[in-house]
Amino acid sequence: MIELEDVRDAARRLDGVANRTPLLTSRALNEAVGADLFLKAENLQRGGAFKFRGAFNKISTLSQEELGRGVTTFSSGNHAQAVALAARITGTTATILMPEDAPEVKLAATRGYGAEVITYNRYEENRTELGNKLAEERGLTLIHPYDDPLIMAGQGTVALEMLEEVPDLDILVVPVGGGGLISGCATVVRSLATSTSVIGVEPEAGDDTKRSLQAGHRVSIDVPRTIADGQQVETPGEITFEVIKDKVDDIVLVSDAEIVGAMAFLFERMKTVAEPSGAAALAAILARKLDVAGKVGVVISGGNVGIERFLSLLS
């Protein structure tokens, strides 16, 4: 478990390094859903997603010896970019395992930050085993995408910033992949806004966290076949799931079509580009997958989508 002070420590490390992303509002959106929505635009974060917060918080605490050896991780794209960027800022090197079918824009950006990229087949190879083997063989420090207290605390600064601006949120809606973002955010909410509900959103094909909550323990599914590549996780994290069990009120599911609808709304009505995973939380609200009223915080978790894929999805 992490505590509020862990998130505040992360906020101090990130101060002046990470972007304090804006809260976006729209009268048309509020009228459409019957509530006051505040969209945390993490698509405007460094690296294009919330992942930079956790990656920098973790890497900035490494010893000089660890930084000298370099870091590694496995990721479908956003955490890969975040680790590559944080590594460059802290003066270390990064070697990243990425799926061979990861969006080209994410592959290019990760390489652009100076990382070595090694690809693998996400449907036939186990990324955790590959990552652990790579770290051991090269003497690298593994920066887990979500199952690490420092990663979770860094992601929790999203909610910390939101509550500083809107302290009386009634609901916070957060996309769920491995659980680092929602576990960090829920930790903040349970400490500072105890009456606020925390709702997670997964794609229908990637409902590992919802199934795990129903079972009372972590369960694994096949690699999800969904457009939301940032949420193609087979099982929730060991550490993150304990926080989710304790602090998250519910998990709802959205279809790929509903995600595309949210992407279109953001683009057309709010002039904001979100990748599929980034639009999942808003999709749940627009598709009436949960009842919303009062003041509702929504995390737009990332915007790393290339123009060709964006147009293809929306067409």
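Located above this text is the structure these notes cover.
A brief report on the enclosed structure follows. What you see is a predicted model; the values in this text were computed from it and never measured.

1. A closer look at the overall build of the chain
Along the backbone of the chain there are 14 helices and 10 strands. Here the C-alpha atoms of the chain give a radius of gyration of 18 Å, agreeing with the 20 Å that 2.2 N^0.38 yields for 315 residues. Going through the 315 residues of the chain one by one, you find that 60% of them count as buried. Within the chain, residue pairs in contact and separated by at least 24 positions form 72% of the contacts whose partners lie at least 6 positions apart. Approximately 12300 Å² of the chain is accessible, and the part contributed by carbon and sulfur atoms is 45%. Of note, the chain has its 31 positive side-chain charges centred 3 Å away from the centre of its 44 negative side-chain charges.

2. Some words on the sheet that holds strand 7 (residues 171-175)
Read from one edge to the other, the open sheet built from 6 strands follows the order 1-2-10-7-8-9, with strand pairing classed as mixed. Two strands in the sheet have a free side with no partner beyond their single neighbour: strand 1 (23-24) and strand 9 (250-254). With 3 bridges joining them, strand 7 and strand 10 (residues 295-300) adopt parallel strand pairing. Within the sheet, the bridge partner assigned to Ile171 lies in strand 10 and is Val296. Across the sheet, helix 13 (residues 276-286) is in contact with strand 2 (36-41), strand 7, strand 8 (197-203), strand 9 and strand 10; its angle to strand 10 comes to roughly 155°.

3. Considerations on the packing of helix 3 (residues 51-59) against helix 8 (residues 149-165)
Here helix 3 crosses helix 8 at 135°, and the two axes come no closer than 7 Å. Between helix 3 and helix 8, the angle is such that the two are oblique. With respect to the hand of their crossing, helix 3 and helix 8 are arranged in right-handed fashion. Facing helix 3, whose interface residues are Lys51, Arg53, Gly54, Ala55, Asn57 and Lys58, helix 8 presents Leu150, Ile151, Ala153, Gly154, Gln155, Thr157, Val158 and Glu161. Within the contact of helix 3 with helix 8, the residues separate by chemical class into 5 nonpolar, 5 polar and 4 charged.

4. Describing the packing of helix 5 (residues 78-90) against helix 6 (residues 104-112)
Following both chains from N to C, one finds helix 5 and helix 6 inclined at 10°, their axes separated by 8 Å at the closest point. Between helix 5 and helix 6, the crossing angle belongs to the class labelled roughly parallel. Residues Asn78, Ala80, Gln81, Ala84 and Arg88 of helix 5 pack against Lys106, Ala109, Thr110 and Gly112 of helix 6. Split into classes, the residues belonging to the contact of helix 5 with helix 6 amount to 3 nonpolar, 4 polar and 2 charged.

5. Structural notes on a nonpolar patch on the surface
On the surface, Phe267, Val273 and Leu314 cluster together to form a nonpolar patch covering roughly 220 Å² of accessible area. By the element assignment, Phe267 lies in helix 12 (residues 256-270).

6. Some details on the packing of aromatic side chains
Summed over all chains, the structure comprises 2 aromatic pairs. Taken together, a centroid distance of 5.3 Å and an interplanar angle of 65° make the contact between Phe267 and Phe310 edge-to-face. Taken together, the positions of Phe267 in helix 12 and Phe310 in helix 14 (residues 307-314) put the pair 43 residues apart, joining distant regions of the chain. Under the relative-accessibility criterion, Phe267 is labelled partly exposed at 40%. Residue class for Phe310 comes out buried when judged on its relative accessible area of 7%. Directly above the ring of Tyr123 sits Arg225, whose terminal nitrogen or CZ lies 3.8 Å from the centroid.

7. What to know about the sheet that holds strand 6 (residues 141-142)
Pairing in this open sheet of 4 strands is parallel, and the strands run 5-4-3-6 from one edge to the other. With partners counted over all chains shown, the strands left at the sheet margins are strand 5 (116-120) and strand 6, one partner each. In this sheet, strand 4 (residues 94-99) lies alongside strand 3 (residues 71-74) in parallel orientation, the contact comprising 4 bridges. Each bridged residue has a counterpart across the sheet, and for Val71 the counterpart in strand 4 is Ala94.

8. As for the environment of Glu234
For Glu234, the location among the structural elements is in the loop between helix 10 (208-215) and helix 11 (238-247). Glu234 sits 10 residues away from Pro224 along the chain, and the two C-alpha atoms are 7.0 Å apart. Sequence-distant contacts of Glu234, that is, excluding residues within four places in its chain, are made with Asp208, Val219, Ser220, Ile221, Asp222 and Val223.

9. Here we look at the nonpolar core
By size, the foremost hydrophobic cluster in this structure holds 35 residues, and its most contacted members are Leu37, Leu39, Ile259, Leu282, Ile285, Val296 and Val298. Breaking this core down by element, the ones donating at least two residues are helix 2 (27-33), strand 2, strand 7, strand 8, strand 9, helix 12, helix 13 and strand 10. In contact with Val298, not counting residues within four places along its chain, are Leu37, Phe38, Leu39, Lys40, Met162, Val173, Ala281, Leu282 and Ile285. Counting 32 residues, the second-largest nonpolar core is a separate cluster that includes Ala10, Phe38, Val176 and Val248.

Cut-offs applied
- Residues numbered from 1 in each chain as written.
- Predicted model: local features only at pLDDT ≥ 70, side-chain atom pairs only at ≥ 80, totals over all residues.
- Heavy atoms only, no water.
- Helix = DSSP H or I, 4+ residues; strand = E, 2+ residues; numbered from the N terminus.
- Rg over C-alpha atoms; globule rule 2.2 N^0.38 Å.
- Buried < 20%, exposed > 50% of the residue type's maximum accessible area, 1.4 Å probe, protein only.
- Contact = heavy atoms within 4.5 Å.
- Areas by Shrake-Rupley, 256 points an atom, 1.4 Å probe, with all protein chains shown as cover.
- Lys, Arg positive; Asp, Glu negative; His and termini not counted.
- Charge placed at Lys NZ, Arg CZ, Asp CG, Glu CD.
- Pairing = 2+ DSSP bridges.
- Axes fitted to C-alpha atoms, helices over the stretch in contact; angles between N-to-C directions.
- Parallel < 35°, antiparallel > 145°, perpendicular 65-115°, else oblique.
- Left-handed = near helix turned anticlockwise from the far one by under 90°.
- Nonpolar A, V, L, I, M, F, W, Y, C, P; charged D, E, K, R; others polar.
- Patch = residues over 30% accessible without salt bridge, like charges linked within 9 Å, V, L, I, M, F, W, Y side chains within 5 Å.
- Salt bridge = Lys/Arg side-chain N within 4 Å of Asp/Glu carboxyl O.
- Phe/Tyr/Trp six-rings, centres within 6.5 Å; stacked < 30°, edge-to-face > 60°.
- Lys NZ or Arg CZ within 6 Å of the ring centre and 35° of its normal.
- Core = buried A, V, L, I, M, F, W, Y, C linked by side-chain atoms within 4.5 Å.

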